Amino acid sequence: MKCGLLGQKLAHSYSPAIHQLLGNYEYTLFEKEPEELENFLQNGGFDGINVTMPYKKAVIPFLNSLTPIAEQLGAVNTIVRQDGKLIGSNTDYWGFHSMVENSGLSPKGKKCLVLGSGGASKVVQCVLRDLEGQVIVISRSGENHYGNLSRHTDAAIIVNTTPVGMYPDTSISPIDLALFPRLEGVLDVIYNPARTQLLMNAERLGIIAMNGLWMLVSQAIYASACFTGLQADRNATERIYKTLKAKMQNIILIGMPGCGKSTIGKQIAQQLQKTFIDADEELVRVYQKTIPDIFAEEGEGIRTQAFDPSKLTDPSLIIYAPVRVLGNKTIVTNGDQTDTIYEGMDKGLTFEQSLRCREFEPDGPNYTPRISGVMHIEGGTYNYAMSI
């Protein structure tokens, strides 16, 4: 049986890994341009395919029939060829339905805010209404928008269907959860990163927080059932979810030089079948210089780099110097306020006076707290100051 995923850019898809764990069938990535859709669907030679953006609506005119849910949503994410006919269905519905069940949240009779009004939002709205939730869609315009969230402080469940929080702008949250004192949980259909800023804010409040990986796995299980004609194995969801989650998670070892980070790190990487990366070796490779030479030539510390600069919306949130050295003072922060402190102290201001030159990072609406410290080493002694 020949199956696969249809889309435009698929290099980073998790679907092949999921379906490899699901069934004994070939699963291929089909990257197609819009003008290639009709010919591929009619002559592609596949038995079943999943469909991802931007083609979930575009494929519909070329199909012979739709399942009731696909017709209701006006979107298709699974196509099966049966007796020469193409049948479109939507397993995203069942994926999100399973996600809600697994989260432990109960939408019935409660106000549910759905952030965003795109295709994923329509799936989420449909599921929440079927679970008897009171659904309010928050978009950038319309009756309910981000400027009048005070209308909905009684919301119990929030679901994010927007791309806000995805790489590279991972420090941004679409809303301030402090506005919702009755909030029981937050669901985010984003699964990379595993913990968006929105979900981390929910965790700090001690409420339910869940990303979209469970939904991704669950919808794939229902799609596999469509391909094979077998009943969906719902028990497989947790097994595959845990497998993918482990592969997506990384471990960072922090410690003083010579404490054994590299030795232990290599052992852990071997046990978990992960790639080991030595930060010092990586810096030497990128800069083509030794670590002492990097610090000597930079003259002040280290600076972050963006993996893909073209995707930056605000470089100051991604590219900054976490460490700068000013004489016998070392300044360390988790943002570009390092430069503010450095420039202030270079002009003769104190650490505290330099910090007062600014109030927050430009990452509203959450305005991420920043941690800053300065260590002064002189004559074999040291002292330090810290600000949060």
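Criteria and cut-off values
- Residues numbered from 1 in each chain as written.
- Predicted model: local features only at pLDDT ≥ 70, side-chain atom pairs only at ≥ 80, totals over all residues.
- Heavy atoms only, no water.
- Axes fitted to C-alpha atoms, helices over the stretch in contact; angles between N-to-C directions.
- Helix = DSSP H or I, 4+ residues; strand = E, 2+ residues; numbered from the N terminus.
- Parallel < 35°, antiparallel > 145°, perpendicular 65-115°, else oblique.
- Left-handed = near helix turned anticlockwise from the far one by under 90°.
- Contact = heavy atoms within 4.5 Å.
- Nonpolar A, V, L, I, M, F, W, Y, C, P; charged D, E, K, R; others polar.
- Buried < 20%, exposed > 50% of the residue type's maximum accessible area, 1.4 Å probe, protein only.
- Pairing = 2+ DSSP bridges.
- Right-handed = clockwise from strand over helix to strand, strands pointing away.

Asker: In this structure, what is going on with the packing of helix 4 (residues 92-103) against helix 5 (residues 119-130)? I would like to understand it.
Answerer: Contact geometry for helix 4 and helix 5: axes closest at 9 Å, N-to-C directions at 55°. It follows that helix 4 is oblique to helix 5 by the angle criterion. Of the two possible hands of crossing, helix 4 and helix 5 adopt the one that is right-handed. Together, Asp92, Tyr93, Phe96 and His97 of helix 4 and Val123, Val124, Cys126, Val127, Leu128 and Asp130 of helix 5 make up the contact between the two elements. Class assignment for the residues of the contact of helix 4 with helix 5 results in 7 nonpolar, 1 polar and 2 charged.

Asker: Explanation requested: helix 6 (residues 197-204) in the structure shown.
Answerer: Because an α-helix completes one turn every 3.6 residues, residues spaced three or four positions apart along the sequence face the same direction. Along helix 6, the positions that sit buried rather than exposed are Gln197, Leu198, Leu199, Asn201 and Ala202. Each element contacted by the buried residues of helix 6 is listed here: strand 9 (157-160), strand 10 (185-188) and strand 11 (208-210). Directly beyond the C-terminal end of helix 6, a positive phi value near 75° is found at glycine 206.

Asker: So what exactly am I meant to see when it comes to the pairing of strand 1 (residues 2-7) here?
Answerer: Each regular strand shows side chains that alternate between the opposite faces of the sheet. For strand 1, the tally of buried residues reaches 5 of 6 residues, placing the bulk of the element in the interior. Alignment of strand 1 against strand 2 (residues 26-31), held across 6 bridges, turns out to be parallel. Its bridge partner lying in strand 2, lysine 2 is registered against glutamate 26. Handedness of the crossover joining strand 1 and strand 2 through helix 1 (residues 15-22): right-handed. Sheet topology note: the strand 1/strand 3 (residues 48-51) ladder contains 4 bridges and is parallel. Bridging across to strand 3, leucine 5 finds its partner in asparagine 50.

Asker: Please clarify how the sheet that holds strand 3 should be interpreted in this entry.
Answerer: Through backbone hydrogen bonds, the strands of a sheet pair up, either in parallel or in antiparallel fashion. The mixed open sheet is built from 6 strands, whose spatial order is 2-1-3-5-6-4. The sheet terminates laterally at strand 2 and strand 4 (65-66), the two strands that pair on one side only. Sitting on the sheet, helix 7 (residues 213-228) touches strand 1, strand 2, strand 3, strand 5 (78-82) and strand 6 (85-89), and the angle it makes with strand 5 is about 10°.

Just geometry here; none of it tells us what the structure is for.
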